[in-house]
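# Notes for the structure review
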Amino acid sequence: MISVNPKGEVWVFAEQHGGKLEDIGLELLGRARMLGDKLGVKVGAVLIGDQIKGLAEKLCQYGADSVYVLENPLLEHYQTNSYAKVIDDLIHKYQPQIMIYGASPCGRDLAPRVASAIKAGLTADCTDLQIGDHESKAEGKTYKNLLLQIRPAFGGNIIATIINYDRWPQMATVREGVMQMPIPDVKRKGQIFAEKITIQQSDLPVEIIREHKQGKKVNLKASRIVVAGGAGVGSKENFRLVWDLANALGGSPGATRAAVDLGFIDRDHQVGQTGTTVRPSLYIAIGISGAIQHQAGMSDSQKIIAINNDPTAPIFDVAHYKIVGDLNDIVPKMVKAIKARV
């Protein structure tokens, strides 16, 4: 835990692997910029690895005023202990007031370890971050300019706003895709600090002998059209209808968590609170009831078409066009009509 420091910077953990910045860190810089401007403080990015200083300039273009570069051959591969140690040291040195991580596998592993080490609070899987005040009636006191950490709770049935007024830095992880990617300014410059770090081989309890990486099979965030299926599709074989319509439209197939859990399609295609958040030009929901957890990941789509045989399905509450009927009749007709126009 560090002292409450209202003049501290807003920091983002700039996740990189193999010398390539992950989108989540760039997305968070956009929101950090907004928070920093509201507080009147600078935005910093924490960049860790080996031979990665060249990435710092890009972070400045996306909104960072300062980039703290922590380079060492022992930091080439992500390991929880070593990364948490150098971040812990950096936080105690500069006393930021906010630090944000992506809710990626790496961020979800790293952030709790840092929070535990410095005895600070942490809110996981936030869907929004704002700056606001908190009035404590018990103390008769108002805490100004706190980080409002907003996330679904109790199975997504309520939206909770969580604050941390005394165990700083205020830390949160944010799900990928929920923050808009800022438009980079190639002329924008910032300060780059090459930090001296103290780390030894003994700080790395695991030796990485070989690394295997498997990329995602689909980039739902970049797709202009997403055709998603739910448990109502019925079977893995019938899920072919979703693929057929997606292929006919030049889109990407998506799915609900229920469809993924049933084995209709793999997890890379999952949309929703525990999957990817998408904002395509067109989202077609097939056999999807529309649980709030799924809506959290697609309700910002520009146009939503829902196909369901239940006219009371919640998905119709967010759909712009509603088709009530049997998907086995409707989807093949849509595919045939689309192919006839090509």
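Look up a bit, the structure's there.
What comes next concerns the included structure.

Where strand β8 (residues 128-136) lies against strand β9 (residues 141-153), eight bridges are found, and the strand directions are antiparallel. Each bridged residue has a counterpart across the sheet, and for serine 136 the counterpart in β9 is lysine 141. What sits between β8 and β9 in their antiparallel hairpin is a turn of four residues, with glycine 140 showing a positive phi close to 65°.

Where helix α5 (residues 240-249) contacts helix α8 (residues 327-341), the two axes come as close as 9 Å, and the packing angle between them is 20°. Comparing the axis directions of α5 and α8 gives the class roughly parallel. Handedness of the α5/α8 crossing: left-handed. For the pair α5 and α8, the contacting residues are Leu241, Asp244, Leu245, Ala248 and Leu249 in the first and Leu327, Asn328, Val331, Pro332, Met334, Val335 and Ile338 in the second. Tallied by class, residues from the contact of α5 with α8 come to 10 nonpolar, one polar and one charged.

To continue, consider the packing of aromatic side chains. Counting across every chain of the model gives eight aromatic pairs. Note on tyrosine 78 and tyrosine 83: the rings are 5.0 Å apart at their centroids and 80° apart in plane angle, and the pair reads as edge-to-face. Counting every residue linked through ring pairs, the aromatic cluster contains Trp11, Tyr68, Tyr94 and Phe193.

It is worth spelling out the sheet that holds β8 at this point. With antiparallel pairing, three strands are arranged side by side in an open sheet as β8-β9-β10. The open sheet has two edge strands with one neighbour each: β8 and β10 (158-162). Within the sheet, the average angular offset between the axes of one strand and its neighbour, ignoring direction, is 40°. In the packing of helix α1 (residues 23-39) onto the sheet, the strands contacted are β8 and β9, and the crossing angle to β8 comes to about 35°.

Let us now look at the packing of helix α3 (residues 80-94) against helix α4 (residues 105-118). A packed helix pair is summarised by two numbers, namely the angle formed by the two axes and the spacing between the axes. One can describe the packing of α3 onto α4 by two numbers: an axis separation of 9 Å at closest approach and a directional angle of 50°. The angle between α3 and α4 places the two elements in the oblique class. Once α3 is placed against α4, the crossing between them reads as right-handed. Contacts between α3 and α4 involve Thr80, Asn81, Tyr83, Ala84, Ile87, Asp88, Ile91 and His92 from the former and Asp109, Leu110, Arg113, Val114, Ala117 and Ile118 from the latter.

What follows covers α8. Taking 1.5 Å per residue as the helical rise, α8 with its 15 residues ought to reach 21 Å, and the 21 Å between its terminal C-alpha atoms agrees with that figure. Regarding α8, the residues found buried are Leu327, Ile330, Val331, Met334, Val335 and Ile338. In a view along the axis of α8, the buried residues occupy a sector of 130°, so they form one face of it. Exposed residues pointing more than 90 degrees away from the buried face of α8 are listed as Lys333, Lys336, Lys339 and Ala340.

Turning our eyes to something else, we now look at the pattern of salt bridges. Any two side chains of opposite charge can pair, on the condition that their charged atoms come close. On inspection of all chains with the given rule, the structure shows 15 salt bridges. Arginine 33 is the partner of aspartate 37 in a salt bridge, and the nearest nitrogen-oxygen pair spans 3.0 Å. Of the two residues, aspartate 37 and arginine 33 are both situated in helix α1; the distance of four residues between them amounts to about one turn of the helix. Taking the relative accessible area as the measure of exposure, arginine 33 reaches 18% and is therefore buried. Among the ionic pairs, lysine 221 bridges to glutamate 176, the shortest N-O distance being 3.1 Å. Residue lysine 221 is located in the loop between β12 (191-194) and β13 (225-229), and its partner glutamate 176 is located in the loop between β11 (170-174) and β12; the two are separated by 45 residues in the primary sequence. It is possible to trace a salt-bridge network through shared partners that takes in Arg33, Asp37, Asp65 and Arg188.

Basis of the calculations
Residues numbered from 1 in each chain as written. Predicted model: local features only at pLDDT ≥ 70, side-chain atom pairs only at ≥ 80, totals over all residues. Heavy atoms only, no water. Pairing = 2+ DSSP bridges. Helix = DSSP H or I, 4+ residues; strand = E, 2+ residues; numbered from the N terminus. Axes fitted to C-alpha atoms, helices over the stretch in contact; angles between N-to-C directions. Parallel < 35°, antiparallel > 145°, perpendicular 65-115°, else oblique. Left-handed = near helix turned anticlockwise from the far one by under 90°. Contact = heavy atoms within 4.5 Å. Nonpolar A, V, L, I, M, F, W, Y, C, P; charged D, E, K, R; others polar. Phe/Tyr/Trp six-rings, centres within 6.5 Å; stacked < 30°, edge-to-face > 60°. Expected span 1.5 Å × (residues − 1). Buried < 20%, exposed > 50% of the residue type's maximum accessible area, 1.4 Å probe, protein only. Arc of directions from axis to C-beta. Salt bridge = Lys/Arg side-chain N within 4 Å of Asp/Glu carboxyl O.

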